[in-house]
Amino acid sequence: MVAMPAPDTSVLSRREAIVAALRAIVPGEGVIANDVAMRPYESDGLTAYRQLPMVVVLPETTAQVSKVLSYCYENGVKVVPRGAGTSLSGGALPLADGVLLGLGKFNKVLEIDYANRAVVAQPGVTNLGITRAVEGKGFYYAPDPSSQIACTIGGNVAENSGGVHCLKYGLTTNNVLGVEMVLMTGEVVRFGGKHLDAEGYDFLSLIIGSEGLLGVVTEVTVRILKKPETARALLVGFPTSEAAGDCVAKIIGAGIIPGGMEMMDRPAIHAAEAFVKAGYPLDVEALLIVELDGPEAEVDHLIDRVSSIANECGSSTLRISNNEEERLRFWAGRKAAFPAVGRISPDYYCMDGTIPRAKLPLVLSRMRELSEKYGLLVANVFHAGDGNLHPLILYDANKEGELKRAEDFGNDILRLCVEVGGVLTGEHGVGVEKRDLMPTMFTKTDLDQQLRVKCAFDDKGLLNPGKVFPELHRCAEMGRMHVHGGKTAFPDLPRF
């Protein structure tokens, strides 16, 4: 009989000590240490990678978050913040030797200030929940990701999320006025507020899109807008994706900024129509949804101009919404495109890259070539107005090698985005998905400068480590703005 090695009691006792300390800070059901109960937290929306955390803690107050982070800082314990887990880049992927800090219990709207057109909310409030809270008075929150029914405002801040209306009204960074954030040391800080601009450095813009690497946001103040007087949508079909892409460029080039402008290709159109019955034409290769809003006279004028441009670009079908119900139906298919594609393929890999609008026809053509190269179909849905692409690569994880081919296909799409003058991500973030592609876009000097910012906020490198940066770096001793030369390559990620 072969003797089994003795369990590592030092590791076991450390975990037990951490769990006990967290339970003293967050009593009751606020700490989850059972493997079965922690299973829902093993991944985010990038489900190809899974890892059980060491322990899950679910605080309810900023004071508890502060104490959790302070304890972890003093004891060298890694922490991964998590919102609703809808991230598609692995930004909330847990660590086997780290605490997963969930903010699901921070789910209250704290204040609605119509005079200052602002809402103060906890990070666990859903994106759509903010609009629901103010729509009775004719207001809404503009950024609207497709996952808005589930994604949280805290996660939106972490990833600088966009949505179908970000073309005219901006991303999260253009609609957040202030945040309360807890640093890794446990210190609570505030950046911005209801006022138009903050004094000193613009830390708020640094925090938004920082992917949980700099601190844990516990309160968000957002800007709300008055609902437009009129909003109408055009549903425009084209015989080719290139023609639709050309139409997008010409609309923007004409000085027209729609409230939203989205594009879908044939596979996405058919999937969405089968799922939602939105009335999409099925005999086109590409579909544009163009929404125009504002005073009624202005909207009528812009509808005529956009219709003329679409006709010049060879559109084959064109419908204009005649009422609010029809406008919402046009959008329903696009909003449901991701789950719709899930009905036609066992698995799909949702990408996120951004390109200059003028390069849209070229990129779509090259993407078809890549589809043939890898032998995998791709459905395209994206924010055409600002060049934010969301190719959905269809594959079957049960077939040997298909996941690897899908990832390689996706990497080539992202390299193509950078090649034509774009960037690796638009709103999904880098996380672990695009981490190893960062040198495609940034030099070592660029990355070291970004790491110095990380080290200024998190000098021990304990907050969401292993995300964004392609190599492990050790921050210098507290108070020194320097990155050590020692680097360690990341081990393989835990995959499903």
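Cut-off values and rules
- Residues numbered from 1 in each chain as written.
- Predicted model: local features only at pLDDT ≥ 70, side-chain atom pairs only at ≥ 80, totals over all residues.
- Heavy atoms only, no water.
- Buried < 20%, exposed > 50% of the residue type's maximum accessible area, 1.4 Å probe, protein only.
- Helix = DSSP H or I, 4+ residues; strand = E, 2+ residues; numbered from the N terminus.
- Pairing = 2+ DSSP bridges.
- Axes fitted to C-alpha atoms, helices over the stretch in contact; angles between N-to-C directions.
- Parallel < 35°, antiparallel > 145°, perpendicular 65-115°, else oblique.
- Left-handed = near helix turned anticlockwise from the far one by under 90°.
- Contact = heavy atoms within 4.5 Å.
- Nonpolar A, V, L, I, M, F, W, Y, C, P; charged D, E, K, R; others polar.
- Salt bridge = Lys/Arg side-chain N within 4 Å of Asp/Glu carboxyl O.
- pLDDT = per-residue confidence, 0-100.
- Core = buried A, V, L, I, M, F, W, Y, C linked by side-chain atoms within 4.5 Å.
- Phe/Tyr/Trp six-rings, centres within 6.5 Å; stacked < 30°, edge-to-face > 60°.

K.L.:
Break down the pairing of strand S13 (residues 260-265) for me, with residues and values.
P.N.:
By the criterion of burial, S13 is predominantly enclosed, with six of the six residues buried. Taking every second residue as pointing to the same face, both faces of S13 are buried, with Gly-260, Glu-262 and Met-264 on one and Met-261, Met-263 and Asp-265 on the other. The pairing of S13 with strand S14 (residues 286-294) spans six bridges and is antiparallel. Residue pairing across strands places Met-263 opposite Leu-288, the latter belonging to S14. By the bridge criterion, two bridges tie S13 to strand S18 (residues 378-383) in an arrangement that is antiparallel. Paired with Met-263 across the bridge in S18 is Phe-382.

K.L.:
Please give an account of the packing of helix H8 (residues 241-253) against helix H10 (residues 296-312) that cites residues and values.
P.N.:
Viewed as axis vectors pointing N to C, H8 and H10 meet at an angle of 140°, and their least axial separation amounts to 9 Å. Between H8 and H10, the interaxial angle falls into the category oblique. Crossing of H8 against H10: the hand is right-handed. Together, Cys-247, Lys-250 and Ile-251 of H8 and Val-306, Ile-309 and Ala-310 of H10 make up the contact between the two elements. For the contact of H8 with H10, the class distribution of residues is five nonpolar, no polar and one charged.

K.L.:
Account for the packing of helix H13 (residues 360-374) against helix H14 (residues 402-419), with residues named and values stated.
P.N.:
Two numbers describe how H13 lies on H14: the axes approach to 10 Å, and their chain directions differ by 155°. With respect to H14, the axis of H13 lies roughly antiparallel. Crossing handedness for the pair H13 and H14: right-handed. Contact residues: H13 offers Val-363, Arg-366, Met-367, Leu-370, Ser-371, Lys-373 and Tyr-374, while H14 offers Arg-405, Asp-408, Phe-409, Asp-412, Ile-413, Leu-416 and Glu-419. Here the contact of H13 with H14 is composed, by residue class, of seven nonpolar, one polar and six charged.

K.L.:
Just give me the short version of helix H9 (residues 266-276), but keep the residues and values in it.
P.N.:
Buried within H9 we find Ala-268, Ile-269, Ala-271, Ala-272 and Glu-273. Where H9 is buried, its residues meet S13, S14, helix H11 (324-335), helix H12 (337-342) and S18. Positioned one or two residues after H9, Lys-277 has a phi angle of 60°, which is positive.

K.L.:
So what about the pattern of salt bridges? Which residues, and what values?
P.N.:
Any two side chains of opposite charge can pair, on the condition that their charged atoms come close. A complete count under the given rule lists 29 salt bridges for this structure. Residues participating in the shared-partner salt-bridge network are Arg-39, Glu-42 and Arg-50.

K.L.:
Run through the confidence of the model for the chain, naming residues and quoting values.
P.N.:
Where the model shows low pLDDT, its predicted coordinates should not be examined in detail. Averaged over all residues, the pLDDT of the chain is 91; the fraction at 70 or higher stands at 93%. Note that residues 1-7 has pLDDT below 50 and, in this model, zero contacts with residues that lie over four places away or in other chains. Low pLDDT, under 50, characterises residues 477-489; the predicted model gives this stretch 26 contacts beyond four residues in sequence or across chains.

K.L.:
Tell me about the sheet that holds strand S4 (residues 98-102), residues and numbers included.
P.N.:
Reading across the sheet, the four strands line up as S1-S2-S4-S3 and stay open at both edges, with mixed pairing between neighbours. With one partner strand each, in any of the chains shown, strand S1 (31-32) and strand S3 (78-82) form the two edges of the open sheet. In the sheet, S1 pairs with strand S2 (residues 55-57) via two bridges, with the strands oriented antiparallel. Paired with Ile-32 across the strands is Val-56, a residue of S2. Where helix H3 (residues 62-74) meets the sheet, its contacts fall on S2, S3 and S4, and the angle it forms with S4 comes to roughly 170°.

K.L.:
Which residues make up the pairing of strand S9 (residues 188-192), and what values go with them?
P.N.:
Strand direction decides the pairing type here: strand S8 (residues 176-182) and S9, joined by five bridges, are antiparallel. The residue of S9 that forms the bridge with Met-181 is Val-189.

K.L.:
Can you explain the nonpolar core? Please cite residues and give values.
P.N.:
Membership of the largest hydrophobic core comes to 86 residues, with the highest contact counts inside it found for Val-176, Phe-238, Met-263, Leu-288, Leu-292 and Ile-393. Once residues within four sequence positions are removed from consideration, Met-263 is found in contact with Ser-241, Ala-244, Gly-245, Ala-286, Leu-287, Leu-288, Leu-360, Leu-364, Asn-380, Val-381, Phe-382 and Ala-384.

K.L.:
Which residues make up the packing of aromatic side chains, and what are the values?
P.N.:
Where two aromatic rings form a pair, the distance of their centres and the angle of their planes describe that pair. Using the criterion set out here, one finds six aromatic pairs in the structure. For the pair Tyr-114 and Phe-139, a centre-to-centre distance of 5.3 Å together with 40° between the ring planes defines the contact as tilted. Of the two residues, Tyr-114 is situated in the loop between strand S5 (109-113) and strand S6 (118-121) and Phe-139 in strand S7 (residues 139-140); the sequence distance between them amounts to 25 residues. Under the relative-accessibility criterion, Tyr-114 is labelled partly exposed at 28%. A centroid spacing of 5.5 Å and a plane angle of 15° characterise the contact between Tyr-374 and Phe-409, whose relative ring orientation is stacked. Residue Tyr-374 is located in helix H13, and its partner Phe-409 is located in helix H14; the two are separated by 35 residues in the primary sequence. Taking relative accessible area as the criterion, Phe-409 reaches 0% and is therefore assigned buried.

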